[in-house]
Structures are given as structure tokens and as C-alpha cells.
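# Breakdown of the fold
Below are the chains, spelled out letter by letter.
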Amino acid sequence: MNLLKTIDFAQLGDERGSLISLEANKQIPFDIKRVYYIYGTEKEVARGFHAHKQLQQVAVCVAGKCRMILDDGKKREEMWLDSPAKGLLIEDMVWREMHDFSEGCVLLVLASEHYDEADYVRDYQQFLKIQRGE
Ligand code: TYD
């Protein structure tokens, strides 16, 4: 199974410029309960390093780019998020890392649940154990 589930958003551009609209249960395959964005990230800083037990998210670089790594405990795949017209769907129990933020990068994340620290798995060994069913 491919870990990198991307979604191409329609660009509603005209001579004035571009516009992209994201709606729950349309372009975004869940009810959106939370939106957050990561910006001002220094070049050498990496973020993420966790999985979620029950959370769906779509990540979009609305400005700039960053390198996303997804890992399901068996394989690790990576891609550049480098277009405001490209979303990456990150489902339950996928370890994610974000690296190599470009200057001015704004990473927008749409999430299916409110923030809940108890939903995080922040320890990679613990993540692997859960994935192995231990
Ligand atoms: P964290 O999830 O560690 O960021 P990342 O995985 O991108 O490195 O979140 C950083 C801090 O922000 C942490 O204290 C939790 C808090 N936070 C919220 O309060 N609400 C949110 O929706 C998110 C994503 C984080």
C-alpha cells in the first residue's frame, strides 16, 4: 500500500491570480475540526516525529516547501510538499517527520479531531511495538 496519498486540488485561478478552496468531505475526506499552520521554521529544524492513534490530517504547503517522511513501521516513504495545489493525506498510526523547510514555508494542516495530547505516540520504539501488535 502506498503511504503517500496525495490529493490534487483544483486551482480556481483567473487573470487576478490563484485561489484554492478546501471543503470538508469534498477535497478533504473528513469533517474538519481543527486547522493549524506551521511557519517561521528555521532551515535546520525538523518537526513531527510522532504518530496519532486516531486522527486524519491533510497537510499542504501553502507557501514554500518541506520534505515529508511517512513511516508505517514497515516502510518509510518521502516526498516534497511543494505546491499549494497538493495535499498529503496522513491517516491513523503513520509516523511523520517534516524536514528541510524552505524560507517562508507555511505548512497548513487540516485535522479530523480537536487537539488531544493523549492521541499522540511520540516514541518511535513504542510506535513500532503498537504496529507489531505488541
Ligand atoms: P507538536 O505537535 O509537538 O508539533 P510538531 O509535531 O509539528 O513538531 O506541537 C507543538 C506544541 O503545540 C505542543 O505543545 C502542542 C501544541 N499544539 C496545540 O496546542 N494544538 C495543536 O493543534 C497542535 C498541533 C499543537
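Right, let's walk through the structure included here. A quick note: this is a predicted structure, and the numbers were derived from the prediction, not measured.

The rules behind the values
Residue numbering note: each chain is counted from 1, following its sequence as written. Local features in a predicted model are, by the rule used here, given only for residues with pLDDT of at least 70; side-chain atom pairs are given and counted only at 80 or more, and totals for whole chains, interfaces and linings are based on all residues. Water and hydrogen atoms were dropped before computing side-chain values, which therefore reflect all heavy atoms in the structure. The way it works is that DSSP assigns letters per residue, a run of H or I at least four long becomes a helix, a run of E at least two long becomes a strand, and they are numbered from the N terminus. Throughout this description, buried means an accessible area under 20% of the type-specific maximum (1.4 Å probe, protein chains only), exposed means over 50%, and partly exposed covers the range between. By definition in these notes, contact holds between two residues if any of their heavy atoms fall within 4.5 Å. Each residue is tested against the molecule or strand, and it is near if at least one of its non-hydrogen atoms lies within 4 Å. Nitrogen and oxygen atoms within 3.5 Å of one another constitute a polar contact, given that in protein one can donate a hydrogen and the other can accept it, and given that sequence-neighbouring residues count only through two side-chain atoms. Accessible areas in this description were obtained via Shrake-Rupley with a 1.4 Å probe; residue shielding takes into account the shown protein chains only.

## As for the side chain of Thr 41
With respect to the helices and strands, the residue Thr 41 is situated in the loop between β2 (34-39) and β3 (47-52). What makes Thr 41 buried here is its relative accessible area of 15%. Other than its neighbours up to four places away in sequence, Thr 41 contacts Arg 47 and Phe 101.

## Let's talk about unusual backbone geometry
Positive phi, close to 65°, is recorded for Asn 25, a residue that is not glycine. Tracing the chain through its elements places Asn 25 in the loop between β1 (5-8) and β2. The phi dihedral of Asp 100 is positive, around 55°, even though this residue is not glycine. Checked against the element boundaries, Asp 100 lands in the loop between β8 (95-99) and β9 (106-111). Using a relative accessible area of 35% as the deciding quantity, one classes Asp 100 as partly exposed.

## A word on the site of the ligand
Arg 34, Tyr 36, Ile 38, Arg 47, Gly 48, His 50, Met 98, Tyr 115, Tyr 120 and Arg 122 make up every residue found near the ligand. Between the ligand and Arg 34, the relevant distance is 2.5 Å, taken from an oxygen atom to a side-chain nitrogen or oxygen of the residue. Arg 47 places a polar side-chain atom, nitrogen or oxygen, 3.1 Å from an oxygen atom of the ligand. Protein burial of the ligand: of its 530 Å² of free accessible surface, 61% is covered by the chains. When residues of the shell around the ligand are traced back to their parent elements, those giving at least two are β2 and β3.

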